[in-house]
Amino acid sequence: MNGAFHLIAATSSPLHSFNRFSCFHSSLTFPKSDFFRANSRRLISALKIASVSTMATQDEVNPGNVKQQLSKLFEASLKATVPNELEIDVEPLVAACTAKFGDYQCNNAMGLWSKIKGKKTEFKGPPSIGQALMGNLPECDIVESCSVAGPGFVNIVLSKNWIAQSIQKMLTEGIGTWAPRLQIRRAVVDFSSPNIAKEMHVGHLRSTIIGDTLARMLEFSNVEVLRRNHVGDWGTQFGMLIEHLFETSPNWEDEKEKAVGDLQAFYKESKQRFDADPAFKERAQQAVVRLQSGESKYRTAWAQICEISRREFDQVYKRLGVQLEEKGESFYNPYIPGVLKLLAEKELIEDSEGARVVFIEGKDIPLIVVKSDGGFNYASTDLTALWYRLKEEKAEWVIYVTDVGQQQHFEMVFSVARMASWLPSDVNLYPKVNHVGFGLVLGEDGKRFRTRSSEVIKLVDLLDEAKNRSIVALTERGKAAEWTKEKVEETAEKIGYGAVKYADLKNNRLTNYTFNFDQMLNDKGNTAVYLLYAYARICSIIRKSGKDMEDLKKTGALLLDHADERALGLHLLQFAETVEEACTNLLPNVLCEYLYNLSENFTKFYSNCQVVGSAEETSRLLLCEATATVMGKCFFLLGINPVDKI
C-alpha cells in the first residue's frame, strides 16, 4: 500500500491483539502532496457526514453500512485509547478513501490530540494516537489489515471474504437489508406545486423529480412519507377566472369542460381582460370575496376549474411515474385565523403600516402575515401549512423543494416557527425543516429555457420530444423491425423520460444546468442512456448463461480473488452509506455519481474477467446479479424505469 505506515500500536491495552491482520510492516515512504490532498478531502467528508450521523439509529448498526460498522469498532477503540478522557465527546470520523491508502480511513487522531495535549498523557502526538487506535480495535471479521499514515490517519483494508459474504447475504435476503435506518418515522416532502389553471412547464420539472427522488430515498429507508402537492388553488386569480367564465359561458354548469375549453388560453383571455378593463377587474375582485365567503355558485365554478387543471397535472405525473397527494392552499385556508391567533397570543405579531407582521432578528424586513387590505398571503398560508404538518400530521421532518429564489421566504417562515416553539431552537434536532433549493433550467444560450417565441416550454411537449428522439434512436438501431410498435414506444418512454430525469439529478441541485437533448440522450458518458445500456448488458450476460439465478444464490459461492472483482464488490457494499449520505444531505447527485461509478467498475471488471464459460462462472454471475440488483434499486430511487433489453 503506497503512502502508508504499517505499524503495530505500542499499547498495554488488552484489546491490542492484531493476529488476524495479515500484513504489518514498516513503510515510511509516500508522496506527501498526493497523500495530504487525498486525506484532507476525506477528513472534510468525514466531518460533514459525522455532523449529520444522528439520522442513523444509535442502538442498531445497519449490517449493509460499512461506515457504520467501522465507526462502531472505532468507537470502542476510542474508549480504550483514552479511558481517562471519557468526558470528551468524540464522534468516530470514518470515511471511504482512495485505494492508494486503503478502503476506509479513521481521522480522529489529530482532533483527539488537540483535546488532550498539555494534559498528562502517554501520547507524543497524533501518530502515536493513531497507532493506539489501530491497536485497540476489537477483534472482527471485517478488517483484513490496518496501517497508520501521516499524522495518525488509520487506514483500513477490508477483508475480501467479508465483502463477498456481505454481498451474497444481500442477494439471498434482499437489498432492503441495506436500506438506511433513520431516527425518524414520518416526513413530509412538499414538491411540484404547480398553479391551477396554468400548464406545467419546464420550471416545474426540477421540483417534481428532485422531490420524488428524495421521497423515494426516505421511503426506502422505511420512513412514512407524506408526498404533498401544495398547488396554488386559492387567491385573487380565481375571481378573474370565475367572472370570465360566467360572462363568456352563461350555461357553464351544463357545458362543464366545454365552457372553459383550453384552460391555458382561457387563463390568458381572463388575464388580458383583468389588466385592460377596470370594470372587469372590479367584478373579478368582488368574485374573490364571494368565493372566499363560500357562495355555492362560486365554489362550484372554482371546483370545476380546479378539476380540469388537476386532470392535466395527473397526466404529466403519470408519465413521470410520480405520486403526490394534493393539499393545496385552499386546504389550509380555514386554519389560518387560528394559527395567527396562536402567534398573536405569543406576542409575535405586530402592526406595521396597516399590515400585521412578525419581526425576525437578523432580517432587514419583517414577515407580513396579514396584508394591509386584511387579506392573507403566502406567508400566512405557509406558516399554517407548517403548523398543520407538525402538529396535526406529526411530521418529524418537513422538506420543501422549490427554487433557490424562495430561500429567504422559507428561512423567515422557519424562524417564526422556532420563535413560536413549534420547532426546537437547535436546527439539528427533530422535528426539523429544510428548504431544498434548486437552480434554473437554462437553454444553450445561457438564458432561461424557453421556446423561440420566448414562451415557457410546456413540460408535456418536452416529454414528447424526449420520447420521439428515443424512438428515432431505437429505429436507427434496427429495433423497429425487431420489436413490436408497443415495445418500441414503451422502451423509448423509459429511455427518454429517464434521460430527462438523470440529466437534472446528476447535477448539484443548487446549480443551474443547461438543457440539451443531444447530450442527455447520448449513449456515452455520464448519461441515463449509457447507464441503461450497461444495465441491459448485465441482464443479457445473465440470460445468455442459461443459469437459474435463484438457485445459484442458494448453492453458489461468491469469491473476489481478482483485483477488479474486489473493486466492484467494495463499491457495491458502499451502496447503503451512499443512499444515507444522499438522503441526509438532500443531494440526489450523490446517488447519481455512485451509480455512474458502479457502471464504470462493472465495465472494468467485465473487460478483464471472463464470466460465461470461465472456471469462476458461478461466482462472477453472482457478482453480475448483485450489480444488476444495486443498479436496479438506484434507478428506482431516481424514478427511472430500467430496461433489460436495448
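The shown structure was predicted, so the numbers you read here are calculated from the model rather than taken from an experiment.

1. Section: the overall build of the protein
So, point 1. Helix and strand counts for the protein stand at 26 helices and 14 strands.
So, point 2. Every one of the 646 residues in the protein was classed for burial, and the buried ones make up 54%.
So, point 3. Put simply, of all contacts in the protein between residues at least 6 apart along the chain, 74% involve residues at least 24 apart.
So, point 4. Carbon and sulfur atoms make up 48% of the accessible area of the protein, which amounts to about 29,100 Å² in all.

2. Things to note about the sheet that holds strand 4 (residues 153-158)
So, point 1. Spatially, four strands are ordered 1-2-4-3 in an open sheet, and the strand pairing comes out antiparallel. On the outer flanks of this sheet lie strand 1 (94-96) and strand 3 (143-149), each paired with one strand and no other. On average, each strand axis in the sheet is inclined to that of its neighbour by 25°, with strand direction left out of account.
So, point 2. Here strand 3 runs beside strand 4; their pairing, made up of six bridges, is antiparallel. What sits directly across from Val143, in strand 4, is Leu158.

3. A few points about the pattern of salt bridges
So, point 1. If you walk through the whole model with that rule in mind, you get 38 salt bridges.
So, point 2. As a salt-bridge pair, Asp351 and Arg356 come within 3.7 Å of each other at their nearest N and O atoms.
So, point 3. Taken together, the shared-partner salt bridges in this structure form one network comprising Asp212, Arg216, Glu219 and Arg227.

4. Notes on the sheet that holds strand 12 (residues 432-438)
Hydrogen bonds between backbone atoms are what pair the strands of a sheet, whose relative direction is either parallel or antiparallel.
So, point 1. Spatial ordering of the open sheet is given by 7-6-5-11-12, a layout of five strands whose pairing is parallel. The sheet is open, and its two edges are formed by strand 7 (325-326) and strand 12, each paired on a single side.
So, point 2. With four bridges joining them, strand 5 (residues 186-190) and strand 11 (residues 397-403) adopt parallel strand pairing. Counterpart to Asp190 in the pairing with strand 11 is Tyr400.
So, point 3. Packing against the sheet, helix 15 (residues 378-392) makes contact with strand 5, strand 6 (224-229), strand 11 and strand 12, and its axis sits at approximately 150° to strand 11.

5. Quick look at the side chain of Thr402
So, point 1. Summarising the element assignment, Thr402 is placed in strand 11.
So, point 2. Accessibility expressed as a relative area gives 12% for Thr402, which makes it buried.
So, point 3. Setting aside chain neighbours within four positions, we find Thr402 in contact with Phe410, His435, Val436, Gly437 and Phe438.

6. Considerations on the nonpolar core
So, point 1. Leu70, Leu158, Leu218, Leu462, Phe515, Phe575 and Val630 are the most contacted members of the largest nonpolar core, which totals 164 residues.
So, point 2. Looking at which element gives the most residues to this core, the answer is helix 21 (residues 528-545), with 12 residues.
So, point 3. Residues within four places of Phe575 in sequence aside, it is in contact with Ile175, Trp178, Phe220, Tyr594, Val630, Lys633, Cys634 and Leu637.
So, point 4. Counting residues in hydrophobic clusters, the runner-up holds 34 residues, among them Leu348, Ala395, Val398 and Met412.

7. Observations concerning the environment of Asp445
So, point 1. When you line up the elements, Asp445 lands in the loop between strand 13 (441-442) and helix 17 (459-476).
So, point 2. Here Asp445 falls in the exposed class, since its relative accessible area comes to 57%.
So, point 3. A C-alpha to C-alpha distance of 8.8 Å links Asp445 and Thr514, two positions 69 residues apart in sequence.
So, point 4. Among the polar contacts listed, one links the side chain of Asp445 to the backbone nitrogen of Lys447, at a separation of 3.0 Å.

8. A closer look at the environment of Thr172
So, point 1. Examined against the element boundaries, Thr172 turns out to sit in helix 5 (residues 160-173).
So, point 2. With 380 residues separating them in the primary sequence, Thr172 and Leu552 have C-alpha atoms 10.0 Å apart.
So, point 3. A polar contact of 3.0 Å, which involves the side chain of Thr172, links it to the backbone oxygen of Lys169.

9. What about the state of the cysteines?
So, point 1. Following the criterion strictly, the structure yields zero disulfides and no others.
So, point 2. Unpaired in this structure, Cys539 has its nearest cysteine sulfur neighbour in Cys624, at a distance of 10.0 Å.
So, point 3. Overall, Cys539 belongs to the buried group, its relative accessible area being 14%.

10. With respect to the environment of Trp162
So, point 1. Examined against the element boundaries, Trp162 turns out to sit in helix 5.
So, point 2. Expressed as a C-alpha distance, the spacing of Trp162 and Leu559, which sit 397 residues apart in the sequence, is 9.9 Å.
So, point 3. Here Trp162 is in contact with Val66, Gln69, Asp141, Ile142 and Leu573, once residues within four sequence places are set aside.

11. Description of helix 6 (residues 202-220)
Think of an α-helix as 3.6 residues a turn; residues three or four steps apart then line up on the same face.
So, point 1. Taking 1.5 Å as the rise per residue, helix 6 with 19 residues should run 27 Å; its terminal C-alpha atoms sit 28 Å apart, in good agreement.
So, point 2. The buried count for helix 6 comes to 17 of 19 residues, which makes it a mostly enclosed element.
So, point 3. Two residues or fewer after helix 6 comes Asn222, characterised by a positive phi angle close to 65°.

12. Focus on the pairing of strand 6
Along a regular strand, successive side chains alternate from one face of the sheet to the other.
So, point 1. Summarising burial for strand 6: five of the six residues are buried, a large majority.
So, point 2. In terms of handedness, the path from strand 5 via helix 6 over to strand 6 forms a crossover that is right-handed.
So, point 3. Of the strand pairs in this sheet, strand 6 and strand 7 are connected by two bridges, and their pairing is parallel. Each residue of the ladder has a partner; that of Arg228, found in strand 7, is Glu325.

13. Details of the packing of helix 6 against helix 24 (residues 575-584)
So, point 1. With their axes 10 Å apart at the nearest point, helix 6 and helix 24 run at an angle of 130° to one another. Relative to helix 24, the element helix 6 lies oblique. Here helix 6 and helix 24 pass one another in a crossing that is left-handed. Of the residues in helix 24, those in contact with Met217, Leu218 and Phe220 of helix 6 are Phe575, Val579, Ala582 and Cys583.
So, point 2. For the contact of helix 6 with helix 24, the class distribution of residues is seven nonpolar, no polar and no charged.

Conventions used here
Throughout, a residue's number is its position along its own chain's written sequence, starting from 1. This being a predicted model, a pLDDT of at least 70 is required before a residue's local features are given, and a value of 80 or more before pairs of side-chain atoms are given or counted; all residues contribute to the totals for chains, interfaces and linings. Heavy atoms from the whole structure form the basis of all side-chain values; hydrogens and water molecules are not counted. Put simply, DSSP marks the helices as runs of H or I at least four residues long and the strands as runs of E at least two long, and each gets a number from the N terminus on. Burial classes follow relative accessibility: with a 1.4 Å probe on protein chains only, a residue under 20% of its type's maximum area counts as buried, one over 50% as exposed, and anything between as partly exposed. Only heavy atoms matter for contacts: two residues are in contact if any of them lie within 4.5 Å across the pair. Method for areas: the Shrake-Rupley scheme with a 1.4 Å probe, in which residue coverage is limited to the protein chains shown. Pairing between strands is defined by DSSP: at least two bridges between the two strands are required. Axis lines are fitted to C-alpha atoms, over the contacting stretch for helices. Their N-to-C directions set the angle, which ranges from 0 to 180 degrees. By definition here, a salt bridge exists when the distance from a side-chain nitrogen of Lys or Arg to a carboxyl oxygen of Asp or Glu is within 4 Å. Joining through side-chain atoms within 4.5 Å is the link that ties buried Ala, Val, Leu, Ile, Met, Phe, Trp, Tyr and Cys residues into a set, and such a set is a nonpolar core. Nitrogen and oxygen atoms within 3.5 Å of one another constitute a polar contact, given that in protein one can donate a hydrogen and the other can accept it, and given that sequence-neighbouring residues count only through two side-chain atoms. Two cysteine sulfur atoms form a disulfide, by the criterion used here, when they sit within 2.5 Å. Here a helix's expected span is defined as the number of its residues, less one, multiplied by 1.5 Å. By convention, orient the strands away from the viewer: a clockwise path from the first strand over the helix to the second makes the crossover right-handed. Angle categories are assigned with fixed cut-offs, so that under 35 degrees is roughly parallel, over 145 is roughly antiparallel, 65 to 115 is roughly perpendicular, and the rest are oblique. For a crossing to be left-handed, the near helix must be turned anticlockwise from the far one by less than a right angle; the clockwise case is right-handed. Polar here means any residue other than Ala, Val, Leu, Ile, Met, Phe, Trp, Tyr, Cys and Pro, which are nonpolar, and Asp, Glu, Lys and Arg, which are charged; Gly is therefore polar.

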